[in-house]
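Working through the structure, step by step
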Amino acid sequence: MDTVRRPLAFFPPRSVAQAAAATAILLLASCGGSSDNALDTPPPPDRTQTCVVQSDGGQSVVVGSGLPGDPAAPEPASGYRPNRAATYAHQFMVSTANPLASKAGCEVLQAGGSAVDAAVAVQMVLGLVEPQSSGIGGGAFMLHYDAAQRKVVAYDGRETAPAAATENYLRWIGDSADSGTPQPSARASGRSIGTPGAVRMLGLAHGDHGRLPWRELMQPAITLAQQGFQISGRMAAALERAAPALARDPDAAALYLHADGRPLPLGALFKNPAYAATLSTLAAQGADAFYTGDIAQGIVRKIGLDRSATDGSAITPGLTTLADLASYQAKRRPALCTTYRMRYMVCGMPPPSSGGVAVASALGILENFDLAAHPPTGIDLNGGKPSVMGVHLISEAQRLAYADRDAYVADTDFVPLPGGSWQTLLDKHYLKQRASLIDPGRSMGRARPGDFGPPQAVVPTQEAGTSQVTIVDSRGNAVSMTTTVEASMGSYHVTQGFVLNNQLTDFAAVPHVNGAPVANRVQPGKRPRSSMAPTLVFDLTPEGGMGPLRLATGSPGGGTIIQYVTKTLVAALDWGLDAQQATSLVDFGAANSPTTNVGGEHPAIDAANGGANDALVQGLKALGHTVSVNAQSSGIATIARGQRDGRPVWVGGADPRREGIVLGH
Ligand code: GLU
C-alpha cells in the first residue's frame, strides 16, 4: 500500500470559538494551486477551497463548525430543499447523505486518500450520525472503478443468513406453525439480523485500493463519537419513530433515549463512547477484528439473548454463532455492464442485488424509444416537470423489468438466473421484444415475466432505510456504494455503540407458494435479495469498449431504488440534466403494479387532492395509470463529468429530499 500522504487533520468543532480556530487552520493551511487539466493530472489541492461550503455572503464555512451557513447545523427534517445548485470540483468530490460524513470523506481525499479510503471513513461516520440508515452492523454493495486499470469490480458485503437458519426462520420460532411466531415481530426479533458484511467488504476493498492506513480512516468517526455532534433532523425523527422499539433493548435505550424513555431530540449533543471504542479496536486490529474476539462475541450475545425486553415482553433470539461471524466472506464479483444506446456503458451491481439487472433491463427496453424527444418542460434547478410520455414510457419499461426481476432474481450462489447468467434476461433481442409490448396510448397495468421456464413464486418484501455514498478521487477512481441496515434503525438491537441490521427481512418469509419454492426464501448462508443499485456509467469507445467515466450514482429506497436510479440515468444521459438537476428531478416510475409513482413532495407537482389539478398526473391517468403522489424518499447522490468555462469538471448533486451535501476541490 502506498503510504505517501499528508496526515489527516479533522476539525470536530464544539464551539464557535473552536470553529473559528478550525476555519483559520484550514485557511492558513493552504497549499495553493489549481490546474487546467485537473481531471487528468491533479496538482495538490488548494485547501482554502477544499471541503468547505460557501455561505450566502461568499465566506468559506467549515462543515460542522456551527457558524452561520454550516450545513451540519441541525434543522427539522423537511420534505424537499428546493433550488439546490450543482457543486463543481476539479480534483475530487464526495456526495453523501450527511454533511459530517461528506466532510470526513473530503478530508481523506484531500490528504491523498483513494476513493475507497474515503468510503471507509464515510461509512464509519455514517454509522454514528445516520444510524437509522447504515453502519458497521449492516451490509453494503460497492462498485469500484480503477482508473489506471480501466476496470470495474463489484464488492458484495451483503449480510448472510446464519448456518442454523431454516426456511421457516423468519415466520416460525421452530420448524412448524405451532412453535409460534418470532416476537415481538420478525423484524424486531433476533431473527431478522443477518451476519453483517459492511466491515469485511470495506476491508477487502481497502486491501485492493487503499492508499492511507486503515487505522487513520477510523479517526474522524472516533473523534466525532468522543467529542459529540448535534443530532440532525432526520436522525431525531428516526429516533422519535423508533423510541418504543428502542426502549426494549437496554443498550439501544441507553444510547438513544433519555432515562424516562424520551428520544434524544434535534440538536442534542450526542456522544457515543462505545462506538469510539469499537472503532478503536478496528483501527488497531483491522477489519477482521469485527468478526472474531470481543466485537463478534458481543454481536452473537446480543442476537442470541433469550430474554424479556425491558417492558417484560419476549424478544425471540436469532441463531447466529461465532462461526457465522468468523466464516463471513465479502465477495468480489464481476460488475454487470451493458451498453445503452451504443453511447454508454452502464455498470451495475449483479445478484444478490436485483438492482443492476432491473435497471439494465429497463434501460435496454427504453433504448428502443426516442426518450430525448420527451424531456421535462420548464427545466430549472429542480429539474423541471417530467412529460406525460416520458413518464409513461419509463414506467412501462420498469413494469416489464420488475416482472422479470420478481420472477427470476435471487442470490445466484443458490438460485441460478435463467440461462445461467444475467445475459439471458438482458439480451438485446429479448429486450426489444419486451419493448414491443409497450403501447404508447395505454398502460399495461401489470406485466408478465418473460418465458424462461416456470417463474419462481413471488413474495413481495418490505424495504426502507439505507444511504448512498458517491466518490471520485484525484486519480479518477470512483466508488458508488449503497449501504444499509435495511429498515430505519434496523432490528432495534444495539451492541457496542452500533445498530444491528434487520436485513434478513429482505428474504421472503414464506418459502413455498402453491408447492413451488420461492427463489428468495431463507437458506443457511444465503444472501437476501436486494434492490440496491450503485451504478457507474462510462462513455462507449468507438470500438465498443469502456471509455472515460461519465457518471456515478445510486440511492436508498428499497424496491423503489430501481425507479430512482433509472430516473437519474435517463435525466442525465437522455435529457442532459446536470448531476444536481437529475438528482432533484421529480421521482417517478412504477414497480410491476398498475400504480405509477409521481413524487408529490416535489415543487413541480401539485399533489393536492391526489393530483387533481396536476397536468402530469391527469395525463397519466388518461393513459390508464393509477397515480400515487405520495412523497418519495430517495437519497440519490450523483457525480458526473462535465464542462465549466471550457474546462473539465466533476459536477455533483445531493438529494434535496435528505440532508446530504457535496464537497470537493
Ligand atoms: N434492504 C434494502 C435492499 O437491500 C434497502 C433498503 C432501503 O433502501 O431502504 O434493497
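This report concerns the structure included in the present document. Position labels on residues start from 1 in each chain and follow its written sequence. Whole-chain, interface and lining totals are the exception, using all residues; otherwise, since this is a predicted model, local features are given only for residues with pLDDT of at least 70 and side-chain atom pairs are given and counted only at 80 or more. For side-chain calculations, the full set of non-hydrogen atoms in the structure is used, while hydrogens and water are omitted.

1. Here we look at the state of the cysteines
The disulfide criterion is simple: two cysteine sulfur atoms within 2.5 Å. Scanning all chains against the criterion turns up 2 disulfides. Across a sulfur-sulfur distance of 2.1 Å, Cys51 and Cys106 are joined as a disulfide pair. Taking the sign of the S-S torsion, -85 degrees for the link of Cys51 and Cys106, the bridge is left-handed. One end of the pair, Cys51, is in the loop between helix H1 (16-28) and strand S1 (52-54); the other, Cys106, is in helix H2 (residues 99-110), with 55 residues separating them in the sequence. Each of the two residues, Cys51 as well as Cys106, counts as buried. The helix and strand labels rest on DSSP assignments: H or I over at least four residues marks a helix, E over at least two residues marks a strand, and numbering proceeds from the N terminus. Burial status follows relative accessibility: with a 1.4 Å probe on protein chains alone, a residue under 20% of its type maximum counts as buried, one over 50% as exposed, and anything between as partly exposed.

2. A few points about the environment of Val485
Position of Val485 relative to the elements: it lies in the loop between strand S15 (478-484) and strand S16 (493-495). Residue class for Val485 comes out buried when judged on its relative accessible area of 1%. Along the primary structure Val485 and Pro131 are separated by 354 residues, whereas in three dimensions their C-alpha atoms are 8.3 Å apart. With residues near it in sequence (within four places) discarded, Val485 still touches Pro131, Gln132, Ser133, Ser134, Gly135, Gly138, Gly490, Val499, Asn501, Asn502 and Gln503. Contact criterion: two residues are considered in contact whenever any of their non-hydrogen atoms come within 4.5 Å of each other.

3. As for the nonpolar core
Residue types Ala, Val, Leu, Ile, Met, Phe, Trp, Tyr and Cys, when buried and joined through side-chain atoms within 4.5 Å, form a set referred to as a nonpolar core. By size, the foremost hydrophobic cluster in this structure holds 91 residues, and its most contacted members are Met124, Met142, Met218 and Tyr256. Here Met142 is in contact with Val116, Ala119, Val153, Ala154, Tyr155, Met201, Leu202, Ala205, Val479, Ser480 and Met481, once residues within four sequence places are set aside. Met93, Phe369, Leu426 and Trp650 belong to the second largest nonpolar core, which has 85 residues in total.

4. Topic: helix H16 (residues 615-622)
Those residues of H16 not exposed but buried are Leu616, Val617, Gly619 and Leu620. Burial along H16 is one-sided: seen end-on, the buried residues are contained in an arc of 165 degrees. H16 presents Ala615 and Ala622 as exposed residues on the side facing more than 90 degrees away from its buried surface. Contacts from the buried residues of H16 go to helix H12 (388-408), strand S23 (595-598) and strand S24 (626-628). Pairs of N or O atoms are called polar contacts if they sit within 3.5 Å, as long as, within protein, a hydrogen donor faces a hydrogen acceptor (for residues adjacent in sequence, only side-chain-to-side-chain pairs). Regarding H16, its N-cap is Asp614, as a side-chain oxygen of that residue lies 3.0 Å from the backbone nitrogen of Leu616 further along. Gly624 sits one or two positions beyond H16 and adopts a positive phi of about 95 degrees. This arc is built from the directions going out from the helix axis to the C-beta atoms.

5. What about the pattern of salt bridges?
For salt bridges, the criterion is a side-chain nitrogen of Lys or Arg within 4 Å of an Asp or Glu carboxyl oxygen. Within this structure, the stated rule accounts for 24 salt bridges. As a salt-bridge pair, Arg158 and Asp506 come within 2.8 Å of each other at their nearest N and O atoms. A residue pair is termed long-range when its members are at least 10 positions apart, and Arg158 in the loop between strand S6 (151-157) and helix H4 (198-209) and Asp506 in the loop between strand S17 (498-500) and strand S18 (512-513) qualify at 348 residues. The same class applies to Arg158 as to Asp506, namely buried. Linking Arg332 and Asp208 is a salt bridge whose minimum nitrogen-to-oxygen distance equals 2.7 Å. Separated by 124 residues along the polypeptide, Arg332 in strand S11 (residues 331-334) and Asp208 in helix H4 bring together distant segments of the chain.

6. Looking at the sheet that holds strand S14 (residues 467-472)
In spatial order, the strands read S11-S6-S5-S15-S14-S4-S27; together these 7 strands make up an open sheet with antiparallel pairing. Among the strands making up the open sheet, the edge pair consists of S11 and strand S27 (661-664). Neighbour-to-neighbour, the strand axes of the sheet open up by a mean angle of 15 degrees, direction not taken into account. One bridge is not enough; two strands pair if DSSP finds at least two bridges between them. Here strand S4 (residues 93-96) runs beside S27; their pairing, made up of 4 bridges, is antiparallel. Pairing of Val94 across the sheet is with Leu663, part of S27. Along the sheet face, H2 touches S4, S14 and S27 and points at about 160 degrees away from the line of S4. In this fold helix H3 (residues 115-129) packs onto S4, strand S5 (139-146), S14 and S15, with an angle of close to 25 degrees to the strand it touches most, S15. To define axes, lines are fitted to C-alpha atoms, for helices over the stretch in contact only, and angles between the resulting N-to-C directions are given on a 0 to 180 degree scale.

7. Points about the environment of Ile562
Positionally, Ile562 belongs in helix H14 (residues 561-573). Separated by 208 residues in the primary sequence, Ile562 and Ser354 have C-alpha atoms spaced 8.7 Å apart. Setting aside residues up to four positions removed in sequence, Ile562 forms contacts with Ser354, Gly355, Ala358, Val359, Gln398, Tyr402, Arg405 and Ser531.

8. Focus on the site of the ligand
Definition of nearness: a residue and a molecule or strand are near each other if at least one heavy atom of the residue lies within 4 Å of the molecule or strand. If you check the shell around the ligand, you find 15 residues, and the closest are Gly465, Glu486, Gln503, Ser531 and Gly558. At 2.5 Å, a side-chain N or O of Glu486 approaches a nitrogen atom of the ligand. Between the ligand and the protein, one listed contact pairs an oxygen atom with a backbone N or O atom of Gly557 at 2.8 Å. Relative to its unbound accessible surface of 290 Å², the ligand loses 100% to contact with the protein. Looking at the shell around the ligand residue by residue, the classes come out as 4 nonpolar, 7 polar and 4 charged. Each accessible area value is a Shrake-Rupley result obtained with a 1.4 Å probe; residue values ignore everything except the protein chains displayed when judging cover. Asp, Glu, Lys and Arg are counted as charged, while Ala, Val, Leu, Ile, Met, Phe, Trp, Tyr, Cys and Pro are counted as nonpolar; the rest, among them Gly, fall into the polar class.

9. Quick look at the pairing of S6
Burial of S6 is extensive: 6 of the 7 residues sit out of reach of the surface. In this sheet, S6 lies alongside S5 in antiparallel orientation, the contact comprising 7 bridges. Bridging across to S6, Ala140 finds its partner in Gly157. Counting the residues in the hairpin turn of S5 and S6 gives 4 residues, including Arg150, whose phi is positive at 55 degrees. In this sheet, S11 lies alongside S6 in antiparallel orientation, the contact comprising 4 bridges. If you follow Ala154 over to S11, its bridge partner there is Arg333.

10. Some details on the side chain of Glu396
Secondary-structure assignment places Glu396 in helix H12. Judged by relative accessible area, Glu396 falls into the buried class, the value being 0%. Those residues in contact with Glu396 that sit more than four places away from it in its chain are Ile438, Arg442, Ser443, Met444 and His625.

11. Overview of the packing of aromatic side chains
Pairing of aromatic side chains requires ring centres within 6.5 Å, counting the rings of Phe and Tyr and the six-membered ring of Trp. Pairs whose planes differ by under 30 degrees are stacked, by over 60 edge-to-face, and all others tilted. Evaluated as defined, the whole model comprises 8 aromatic pairs. For the pair Tyr256 and Phe270, a centre-to-centre distance of 5.6 Å together with 15 degrees between the ring planes defines the contact as stacked. Residue Tyr256 is located in helix H7 (residues 250-256), and its partner Phe270 is located in strand S8 (residues 269-270); the two are separated by 14 residues in the primary sequence. Take Tyr256 and Phe270: they sit in the same class, and that class is buried. Plain terms: the ring middles of Tyr408 and Phe452 are 5.6 Å apart, the flat faces sit at 80 degrees to each other, and that makes the pair edge-to-face. Within this pair, whereas Tyr408 is found in helix H12, its partner Phe452 is found in the loop between helix H13 (428-435) and S14, the two being separated by 44 residues in sequence. For Tyr408, a relative accessible area of 5% translates into the label buried. Assessed through its relative accessible area of 26%, Phe452 is described here as partly exposed. Through a chain of ring-to-ring contacts, the aromatic side chains of Phe290, Tyr291, Tyr328 and Phe498 assemble into a single cluster.

12. Section: the sheet that holds S24
Strand order in this open sheet of 3 strands is S22-S23-S24, and the pairing throughout is mixed. This sheet does not close on itself; its edge strands, each paired only once, are strand S22 (588-589) and S24. Across 3 bridges, S23 lies against S24 in parallel orientation. What sits directly across from Thr595, in S24, is Thr626.

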